[in-house]
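# Close look at the chain arrangement
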Amino acid sequence: MLNMLLSQVLDLMTPVLLAAMAGALCGRAGVFNIALEGKMLVGAFVAVATSIAFGSPVLAVVSAVLCTAIFASPLALGGARLGGDPIVIGIGLNLLASGLTTYLLGAIFGVTGTLVDPAVTALPKLVVPVLADVPVLGAILGHNALVYLSWLLIFVFNIYLFRTPWGLRLRGIGEVPSAAAAMGANVSRYQTAVVIVAGGLCGLAGAQLALGSVALFAENMTAGRGWIAVVAVMLGRAHPLGIALACLGFGLADAVGLRLQGQGLPNQITDIAPYAITLLAMIGLGLRSMKKRSV
Amino acid sequence: MIAAALDTKSRLAAILFSIVAAVVLGGLVVGLTGANPISVYLEIAKGAVLGRGLDETLARSVPLVGMALAAAIALRAGLVNLGGDGQMLIGGLAAALVALYLPVPGVARAVLALAAAICAGGLYAWLAAILQLSLGIPFLIASLLFSYIARGLTSYLVRYPLRDPSTGMPETYRVASGARLPAHILDLPVSMAMVIMAVVAVVIVVNDRSGVNGFEWRMTGLNARFAQYSGVDLSRQTQRVAFLSGALAGLVGALLILGQQYRFTDGALLAPGYTWSGLMAAVLAMASPIATIVTSVFFAALQVGGFSMERALGLPAVLTWVLQALIILCLAARPIFFRKR
Amino acid sequence: MTLLQMKGITKRFDGVVANDGISLSVNSGEIHALMGENGAGKSTLMNILYGLLKPDAGEILVDGKAMDFASPLGAIAAGIGMVHQTFRQFPDLTVWENLVFQNEPRQGPFVSADAARDFVRRLGSRHGLEIDPDSRVRDLAVGIRQRLEILKALSREARILILDEPTAVLTPQERDGLFAAMRELASKGMALILVTHKIPEVIAITDQITVMRDGRVSGTLVTRETNEAEIIRAMVGRNVPPTVASKVTSDARPMLSVKDLSVRKGAVTVVDNVSFDVRPGEIVGIAGVSGNGQPQLISAVMGLESATGVVSLDGHDVSSFSIARRRAAGVSYVPEDRHLTGTAPAASIAENIVFGTHRNAVASNKGFLRKDAIRAQARKLIERFRVKAASEQLPIGSLSGGNMQKVVIAREVEHGSPLIIVEEPTRGVDVGAIEFIHQTLIAERDKGRAILVVSSDLTELLALSDRILVMFEGRINASLTGSDMNEDTVGRWMMGGAETR
């Protein structure tokens, strides 16, 4: 029972975690990225479309990453190079993603609403029959490769930011771009690269959303997860471990909500849970820093 | 804070450029899905103005202009309101509740329902502003999260406690005809909702151009420090602007419920995407109210044309949504707004 | 041995000559002072040397070789380092992270933190500038942050070091430490350029002096062979305009009265128990090295900063008033930064003029702006203050610095308030506009207004003030009138008082 809940938490948090790391990467470089929602949606669509075309889950994930990275290029070009407003560009990208995926869903597949196809299969899971019942370990096993990749990325991101020269430069660029430029860092090149890489991460998030446990694409299936990721970046103060913790909290809220739904609570109420929890977390954080200030 | 950084002429040029670029890019998308872009655009243009198109465009303009102006007055004063959906829902629900359950005669019920919607939508946005002012949670994020909460809450209410069991749909009872807003005034093709929106639009335009308040809001958007130095109470003003932006969104919800749908149906208010279309129209107009009215009517025509195109060619009407987003992206890639934090 | 030579450097901005054929030569082992008032062209010259600006004419030679810097990176490669007044640092990062930024010692793909810490320690001990490599920069005192800035330049093998007003932000102890370090660096063969307008420190530490005035070199002096008077003459010229003394008797009731005003920032008291009066018909100047609490004092008087003590306007206590109510009670205020605080650059001149008084009967009626009246008023002020603007509808940001400042002053003077507070009346303003702004302020005084001027330009204060208050470390340590109002005396009080002589 506990194993099932924990396992569900880990599944639910993965797309948000991947998107939040994308957001944190951009935030560290000084680009406020609110297009996570749209980029995830594009990733999910491309993953499903590629599955239908080629039947290969690996190819589906790869093309989701590539296409979403390309989809992020307006933010890279406009926000990091041409001096456009990242917030307006982010809003535009979110709406473009929502419109484009819905349009292509109809124009290519002749479908409105939800796209299911026998060719679309969920990503294979690591199943070890004997260990599945061992507490905790059983919950940790039994996920697909993207889930484990997301955990690995937490550490990779941590090491990149705090141990490598490029991470150091990124932190400097995000904090005082003019000082970084004065010391010879190519600010816009770093920002461009980071936004593109973040696009790829959102592609992974989308692929996990579409092929992780459900194997389908639905219009606007991200349903605000990209925004939760934006909040997770704030709650985790753009620190990889902090973000992982925030996403774990979100996954827990989501999973408990689903459980309560099983107990007969209307799903409209449980759907609110993740948003209410994130909002409450932000309020808590705000109150704490207010207290600190007044001391 | 946001402010238009270009003069009128180069602003117009930038807008025209982005429309043309979006049409070209959209044409590419259409072409890639195997359709003929020229005939698609022709159908959209015809559908928007010919036959019943003009009437439909006009009808669709009412909520769209409303949501666009709600976004624009906030943007003008330096606030990004992403929570229009939530404010519209809460306003629409308040209107439906009053219209359904308040035991007063018909017309008074309609008037009170509108007032309730304005207050409810306004307070919902004001709450998000308070979170920004007291706890430093960005208004942009708070207002958006509030939307998701409003969505779940209203959905639950119309599915369970407020549901009309006689229909198979998750919706409330129908509003009594006396409490509805007339679809025609004196047999003219003008609805009460149009008249109300027109009055609101005029008030907003006049306030922006000549009102003391509008002047203070605009100057705050241009340089908040200067506004503070000149004696503007920024906290009070933020609360007021957020309230008014939310109130207008709430009013739009009420106009849709009382003037068109006659009951609160789950999902019906949000399905057309007025909030986001409106936000895009406001951005395209760089938050000038007059220009916002023009761009939102343009977007309404585009959408109506899209539906007609869908009927004629079988391509999804949501293509027009793609076009709107492309217009904004082409425009926003370069600095049209400048920010001072 | 001549390490650096600048020959015939000329630079114009929009027709205004900022540098006019400047030549400067610095030997290795020498500390060279570059002096001059604000606006004399020092910063322009140093920005050219550091590759931030390109000269219109002239050449730069390092070690006898002609240089052409496309950017600061070129200057850095040639061995030129600069310690800016505002530090180019990352407050959230540690000292070593700041120091090795873009130049990280590596171990495989990783930054070797140990090597970096070691590097910081060795660099510090080699130059006598020790610093803890693991401190977070945000937690450091200003003097230590400056030390970090110097170390950054040294870590890039600088042989020529420019220090731009380095003592403006330092305590006397920190200043002495800096001077010791500078001597140490010079003794190792470096060339140091000290940009400053403070005479005592030039006499204390430098070997050679180049004085600039109005974009030209007005004096090349050897420190050992010169004296304060000669430097002052070179800096300000002979014609310090005589002050037109106020005719108003000083027993009038004070328009502004400040009693025991203190402002605290954390543990530091930035304004310390300040009391003074400003009477109708007098201009009171506040002098002081920057960083001694002047802006905080004005913010407290205006109600922008919380403070203890009493501020009275025309005998009424306004200590609890917001800035809006204080302004309504009769204060006009020209803030230090006209772009950040004083205007909305994208709004029109007319809008910038009316904003603040737009709720008055002249500008609005029942909540609506009277646009014709607003524009007419703007045109009137543009003409009266001789602002060079084609139309009052143009964005104010399109005006030159001097014209923009004239608009701000016009707006504040026109409020008709009995008290006018002016911060830095002529910073970044061309000579013609300076003259005009000074005359305007004196004319307003003669109409019986009380005027408080804060300026880092001593010549300006001497020309304008009937009385000068000197701020030092948050306190007012001198109130000077009459013959005491001269460069020498004021300068001595700015340095902390009589004991510096």
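Residues numbered from 1 in each chain as written. Chains lettered and ligands numbered in written order. Predicted model: local features only at pLDDT ≥ 70, side-chain atom pairs only at ≥ 80, totals over all residues. Heavy atoms only, no water.

### Remarks on the overall build of chain B
- What chain B contains, in helices and strands, is 13 helices and two strands.
- With the principal axes as the frame, chain B shows a C-alpha extent of 55 × 55 × 40 Å.
- Counting every position in chain B, which comprises 341 residues, the buried fraction comes to 60%.
- When contacts within chain B are restricted to residue pairs at least 6 apart in sequence, those whose partners lie at least 24 apart make up 75%.
- Summed over its atoms, the accessible surface of chain B is roughly 12,900 Å², and 69% of this surface lies on carbon and sulfur atoms.
- In chain B, which carries 23 positive and 13 negative side-chain charges, the distance between the mean positions of the two groups comes to 7 Å. (Helix = DSSP H or I, 4+ residues; strand = E, 2+ residues; numbered from the N terminus. Buried < 20%, exposed > 50% of the residue type's maximum accessible area, 1.4 Å probe, protein only. Contact = heavy atoms within 4.5 Å. Areas by Shrake-Rupley, 256 points an atom, 1.4 Å probe, with all protein chains shown as cover. Lys, Arg positive; Asp, Glu negative; His and termini not counted. Charge placed at Lys NZ, Arg CZ, Asp CG, Glu CD.)

### Brief notes about a nonpolar patch on the surface
- Together, A:V130, A:L131, A:V134 and A:L137 make up a nonpolar patch on the protein surface, roughly 320 Å² of accessible area in all.
- One can find A:L137 in helix 6 (residues 137-140). (Patch = residues over 30% accessible without salt bridge, like charges linked within 9 Å, V, L, I, M, F, W, Y side chains within 5 Å. Salt bridge = Lys/Arg side-chain N within 4 Å of Asp/Glu carboxyl O.)

### Focus: the interface of chain A and chain C
- At the interface, 18 residues of chain A touch 22 residues of chain C.
- Overall, the association of chain A and chain C removes approximately 1,800 Å² of surface from exposure, summing both partners, and the carbon and sulfur fraction of that is 64%.
- Where chain A packs against chain C, one counts three salt bridges.
- Notably, a salt bridge pairs C:E104 with A:R169, separated by 2.6 Å at the nearest N-O pair.
- Sorting the residues of the side of chain A that touches chain C by element identifies helix 7 (145-163), helix 8 (165-175) and helix 9 (177-182) of chain A as the ones contributing at least two each.
- Looking at the side of chain A that touches chain C element by element, the count peaks at eight residues for helix 8 of chain A. (Buried area = accessible area lost by both parts, 1.4 Å probe.)

### What to know about the pattern of salt bridges
- Tallying each qualifying case throughout the model produces 39 salt bridges over all chains.
- Two residues, C:K54 and C:D68, come together in a salt bridge whose shortest N-O distance is 3.0 Å. Here C:K54, found in the loop between helix 1 (42-49) and strand 4 (57-62), pairs with C:D68, found in the loop between strand 5 (65-67) and helix 2 (72-77); they are 14 residues apart in sequence, far enough to count as distant.
- A salt bridge links C:D466 to C:R445; the nearest nitrogen and oxygen atoms lie 2.8 Å apart. Here C:D466, found in the loop between helix 16 (458-464) and strand 23 (467-472), pairs with C:R445, found in helix 15 (residues 431-446); they are 21 residues apart in sequence, far enough to count as distant. Here the two residues C:D466 and C:R445 agree in accessibility, since each one is buried.
- Among the charged side chains, a network of salt bridges with common partners joins A:E175, C:D92 and C:R138.

### A closer look at the confidence of the model for chain A
- For chain A, the mean per-residue pLDDT works out to 90, and 99% of the residues sit at or above 70.
- The lowest-confidence element of chain A is helix 6 of chain A, averaging 79 in pLDDT; the highest-confidence one is helix 2 (residues 36-54) of chain A, averaging 96. (pLDDT = per-residue confidence, 0-100.)

### Observations concerning the packing of helix 4 (residues 113-127) of chain C against helix 5 (residues 142-155) of chain C
Residue and element names in this part refer to chain C.
- Remark: helix 4 packs on helix 5, axes separated minimally by 11 Å, with the N-to-C direction vectors making an angle of 100 degrees. The angle between the axes of helix 4 and helix 5 places the two elements in the roughly perpendicular class. Contact residues: helix 4 offers F119, L123, G124 and H127, while helix 5 offers L151, L154 and S155.
- Partitioned by chemical class, the residues of the contact of helix 4 with helix 5 number four nonpolar, three polar and no charged. (Axes fitted to C-alpha atoms, helices over the stretch in contact; angles between N-to-C directions. Parallel < 35°, antiparallel > 145°, perpendicular 65-115°, else oblique. Nonpolar A, V, L, I, M, F, W, Y, C, P; charged D, E, K, R; others polar.)

### Structural notes on the sheet that holds strand 1 (residues 2-13) of chain C
All names here are of chain C.
- As summarised here, the arrangement of the four strands in space is 2-1-4-5, forming an open sheet in which the pairing is antiparallel. Looking at which strands have only one partner, the edges of the open sheet turn out to be strand 2 (16-27) and strand 5. On average, each strand axis in the sheet is tilted by 25 degrees relative to the strand beside it, whichever way the strands run.
- The sheet contact formed by strand 1 and strand 4 spans five bridges and is antiparallel. Bridging from a neighbouring strand, M6 pairs with I60 of strand 4. (Pairing = 2+ DSSP bridges.)

### Some points on the environment of C:M404
Residues and elements named next belong to chain C.
- Residue placement: M404 occurs in helix 14 (residues 401-414).
- Separated by 249 residues in the primary sequence, M404 and S155 place their C-alpha atoms 42 Å from one another.
- Once you skip the residues sitting within four places of it in the chain, M404 turns out to touch R338, H339, T343, I396, G397 and L399.

### Quick notes on the packing of aromatic side chains
Residue and element names in this part refer to chain A.
- Applying the stated rule across the entire model yields 13 aromatic pairs over all chains.
- Ring centres of F45 and F217 lie 5.3 Å apart, and the angle between their planes is 80 degrees; this geometry places the pair in the edge-to-face category. Placement of the pair is F45 in helix 2 and F217 in strand 2 (residues 217-218), with a sequence separation of 172 residues. For the pair F45 and F217, one class covers both residues: buried. (Phe/Tyr/Trp six-rings, centres within 6.5 Å; stacked < 30°, edge-to-face > 60°.)

### A short note on unusual backbone geometry
- Even without glycine at this site, A:A223 takes up a positive phi of about 45 degrees.
- Non-glycine residue C:D63 carries a positive phi angle of around 55 degrees.
- Relative to the helices and strands, C:D63 resides in the loop between strand 4 and strand 5.

### A closer look at the side chain of C:R326
- Examined against the element boundaries, C:R326 turns out to sit in helix 10 (residues 323-328).
- Sequence-distant contacts of C:R326, defined by excluding residues within four places in its chain, comprise C:A300, C:V301, C:M302, C:G303, C:V311, C:L313, C:V318, C:S319, C:S320, C:F321 and C:V331.

### Details of the pairing of strand 13 (residues 256-265) of chain C
Residue and element names in this part refer to chain C.
- Inspection of the sheet shows strand 13 paired to strand 14 (residues 268-278) by seven bridges, in the antiparallel sense. Note that in strand 14 the partner of L261 across the bridge is V274.
- Of the pairings in the sheet, the one linking strand 13 to strand 16 (residues 308-313) comprises five bridges and is antiparallel in character. Residue S257 lies in a different strand from strand 16, and its bridge partner there is S312.

### Remarks on the confidence of the model for chain B
Residue and element names in this part refer to chain B.
- Chain-level pLDDT for chain B is 92 on average; 96% of the residues reach the 70-or-more range.
- Within chain B, the lowest mean pLDDT, 38, falls on strand 1 (residues 2-4), and the highest, 97, falls on helix 4 (residues 84-101).
- Confidence over residues 1-5 falls short of pLDDT 50; this stretch has 31 contacts with residues more than four positions distant or in other chains.
- This complex was scored by the predictor with a pTM of 0.88 and an ipTM of 0.91.

### With respect to empty space enclosed by the protein
- Under the criterion given, the structure shown has six cavities of 30 Å³ or more.
- Reported here for the largest cavity is a volume of approximately 210 Å³.
- Of all elements in the fold, only strand 6 (80-83) and helix 5 of chain C reach the threshold of two or more residues within the lining of the largest cavity.
- Across the lining of the largest cavity, the residue classes break down as eight nonpolar, two polar and four charged.
- Here the second largest cavity is characterised by a volume of approximately 60 Å³.
- Along its surface, the second largest cavity is lined by B:A72, B:I73, B:R76, B:I204, B:N207, B:D208, B:G214, B:W217, B:A287 and B:P289.
- Tallied by class, the residues present in the lining of the second largest cavity amount to six nonpolar, two polar and two charged. (1 Å grid on protein atoms, 1.4 Å probe; cavity = no way out; pocket = protein on both sides within 12 Å on 5 of 7 lines; lining within 4 Å. Points joined across faces, edges and corners; volume = space filled by probe spheres on them.)

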